Amino acid sequence: MTIYEFAEQIIYEAGQNIKNKLALELTIETKSNPNDLVTNMDKETEQLLVERINQAYPDHHIIGEEGHGKEVDTLDGVVWIIDPIDGTLNFVHQQQNFAISIGIFKDGEKYAGLVYDVMNDNLYHAIAGEGAYLNDMKLGALADTTLKRSIISLNPNWLTKDWIKDVYTPIVKDARSARSYGSAALDFVFVAAGIVDSYMTLRLHPWDFAGGMIIAEETGAVVSNQMGETLHPLQSNSIIVANQQLHREIVSGYLSRYEKELTELHQGMFSSR
Ligand code: IPD
Ligand code: CA
Ligand code: CA
Ligand code: CA
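Predicted model, so just to flag it, every value in this text is computed and none were measured.

Draft legend 1. Representation of the sheet that holds strand β14 (residues 237-242) within the structure. Taken in spatial order, the five strands of this open sheet run β11-β10-β12-β14-β13, and their pairing is mixed. Strands with a single pairing partner mark the edges of an open sheet, and in this sheet they are β11 (177-179) and β13 (222-224). The average undirected angle you get between the axes of adjacent strands in this sheet is 15°. Summarising the sheet, strand β12 (residues 198-204) and β14 pair through five bridges and their orientation is antiparallel. Bridging from a neighbouring strand, Met 200 pairs with Ile 240 of β14. Strands in contact with helix α4 (residues 164-174) are β10 (151-153), β11 and β12; relative to β12, the strand with the most contacts, it is inclined by about 170°.

Draft legend 2. Spotlight on the pairing of strand β7 (residues 122-127). Counting buried positions over the six residues of β7 gives five, a clear majority of the element. Note: strand β6 (residues 109-117) against β7, six bridges, orientation antiparallel. Counted as the bridge partner of Leu 114 is His 125 from β7. Hairpin geometry of β6 and β7 is characterised by an intervening segment of four residues between the two adjacent antiparallel strands and by a positive phi of about 50° at Asp 121. Where β7 folds back onto strand β8 (residues 132-134) in an antiparallel hairpin, the turn is made up of four residues, including Gly 129, whose phi is positive at roughly 90°.

Draft legend 3. Up close: the coordination of the calcium ion (ligand 4). Protein-derived ligands of the calcium ion (ligand 4) are Glu 65 (OE), Asp 83 (OD) and Ile 85 (O), with the metal-ligand distances lying across 2.1 to 2.3 Å. Each donor residue of the calcium ion (ligand 4) belongs to the same chain, with the gaps between them written as E-x17-D-x1-I. Separating the calcium ion (ligand 4) from the calcium ion (ligand 2) is a gap of 3.8 Å, bridged by Glu 65, which donates to each. Of the two residues, Glu 65 is situated in the loop between β3 (61-64) and β4 (78-86) and Ile 85 in strand β4; the sequence distance between them amounts to 20 residues.

Draft legend 4. The site of ligand 1, seen in detail. Around ligand 1, the surrounding shell consists of Glu 65, Asp 83, Ile 85, Asp 86, Gly 87, Thr 88, Gly 182, Ser 183, Ala 184, Arg 203, Leu 204 and Asp 208. Asp 83 places a side-chain nitrogen or oxygen 3.2 Å from an oxygen atom of ligand 1. Thr 88 places a polar main-chain atom, nitrogen or oxygen, 2.8 Å from an oxygen atom of ligand 1. The fraction of the free accessible surface of ligand 1 (380 Å²) that becomes covered by protein chains is 76%. For the shell around ligand 1, the elements supplying multiple residues, two or more each, are β4 and β12. Considering each element in turn, the shell around ligand 1 owes the most residues, three residues, to β4.

Draft legend 5. Region of the structure containing a negative patch on the surface. A grouping of Glu 71, Asp 73, Asp 76, Asp 107 and Glu 109 is seen on the molecular surface, where their side chains present a negatively charged patch. In this structure, Glu 109 sits in strand β6.

Draft legend 6. Seen up close, the packing of aromatic side chains. Enumeration according to the criterion identifies six aromatic pairs in this entry. When the ring of Phe 91 is compared with that of Phe 98, the centres are 4.9 Å apart and the planes differ by 75°; the resulting orientation is edge-to-face. Residue Phe 98 is classed as buried on the basis of its relative accessible area of 0%. Ring centres 5.9 Å apart and planes at 70° place the aromatic pair Phe 188 and Tyr 199 in the edge-to-face group.

Draft legend 7. Fine view of the pattern of salt bridges. Using the criterion set out here, one finds seven salt bridges in the structure. Of the charged contacts, one joins Glu 29 and Lys 43 as a salt bridge, the two residues approaching to 2.7 Å between their closest N and O atoms. Of this pair, Glu 29 sits in strand β1 (residues 28-30) while Lys 43 sits in helix α2 (residues 40-56), and the two are 14 residues apart along the sequence. When its relative accessible area of 36% is taken as the criterion, Lys 43 is described as partly exposed. Residue Lys 31 is joined to Glu 65 by a salt bridge in which the shortest nitrogen-to-oxygen separation is 3.2 Å. In this pair, Lys 31 sits in the loop between β1 and β2 (37-39) while Glu 65 sits in the loop between β3 and β4, placing the two residues 34 residues apart along the sequence.

Parameters and conventions
Residues numbered from 1 in each chain as written. Chains lettered and ligands numbered in written order. Predicted model: local features only at pLDDT ≥ 70, side-chain atom pairs only at ≥ 80, totals over all residues. Heavy atoms only, no water. Pairing = 2+ DSSP bridges. Helix = DSSP H or I, 4+ residues; strand = E, 2+ residues; numbered from the N terminus. Axes fitted to C-alpha atoms, helices over the stretch in contact; angles between N-to-C directions. Contact = heavy atoms within 4.5 Å. Buried < 20%, exposed > 50% of the residue type's maximum accessible area, 1.4 Å probe, protein only. Donors = N, O, S within 2.8 Å, 3.2 Å for Na, K, Ca; no water. Near = heavy atom within 4 Å. Polar contact = N/O pair within 3.5 Å; in protein donor to acceptor, adjacent residues only side chain to side chain. Areas by Shrake-Rupley, 256 points an atom, 1.4 Å probe, with all protein chains shown as cover. Patch = residues over 30% accessible without salt bridge, like charges linked within 9 Å, V, L, I, M, F, W, Y side chains within 5 Å. Salt bridge = Lys/Arg side-chain N within 4 Å of Asp/Glu carboxyl O. Lys, Arg positive; Asp, Glu negative; His and termini not counted. Charge placed at Lys NZ, Arg CZ, Asp CG, Glu CD. Phe/Tyr/Trp six-rings, centres within 6.5 Å; stacked < 30°, edge-to-face > 60°.

Here it is, written out as structure tokens:
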């Protein structure tokens, strides 16, 4: 079995475990603020994935949102970057619209991405260089779009914040329409599947974007931070993912005006993971 096949096997197992326990009462705690929730299922899912990987591949490194791999600071060897439940707020409030995300790197290179939309039983997956799939269906190459004809995904909370609203309001105004899904991993694969044309947000951690980035890039999407710079898989950053033409239009036509402010924001926000 390849590492990729193994990853598919354990992501399905972890998803099934969540489904089996949906009716049970959740233990919910808060993290950095009252709206930053973590449940026993986030922790249990991370634990399950980590145990399986450790058992099969004791020399692999694992970074997970709920505490694993804080000491991992290089991409040497095989590195798994895991978000056990991406969209915890959706999980708690809706019991749907959340995903398990896995990104795997081999000696610094992208190897594979898997994002499992658990309740819809949709697995988005890709081996770098071999195209992206939704279950058994290969996803086509993304067509270019203009902002005027694009649906973009953006958390409306950004439109309530000081000068940041000035950055995004013109983009939302000029787009055909905007959506917000509440799971960064799903946002990435929705771009890959052509469900939305772009997703942008100001702060994601490696576990939010590692899997989705690899899948989206396999459909020709461009993934960068909001200054158009390449992401480092181990560093938190801002994000814009879009088809090539739309990425260019948003970065150079809208975001570059705020390069100074965005650069300062990045220096303050992204000094650590
Ligand atoms: C969050 C979701 C959300 C995004 C946040 C993430 P979590 O991840 O992806 O859509 O806006 O920035 O932290 O905490 O639910 O895994
Ligand atoms: Ca979280
Ligand atoms: Ca997340
Ligand atoms: Ca999470």
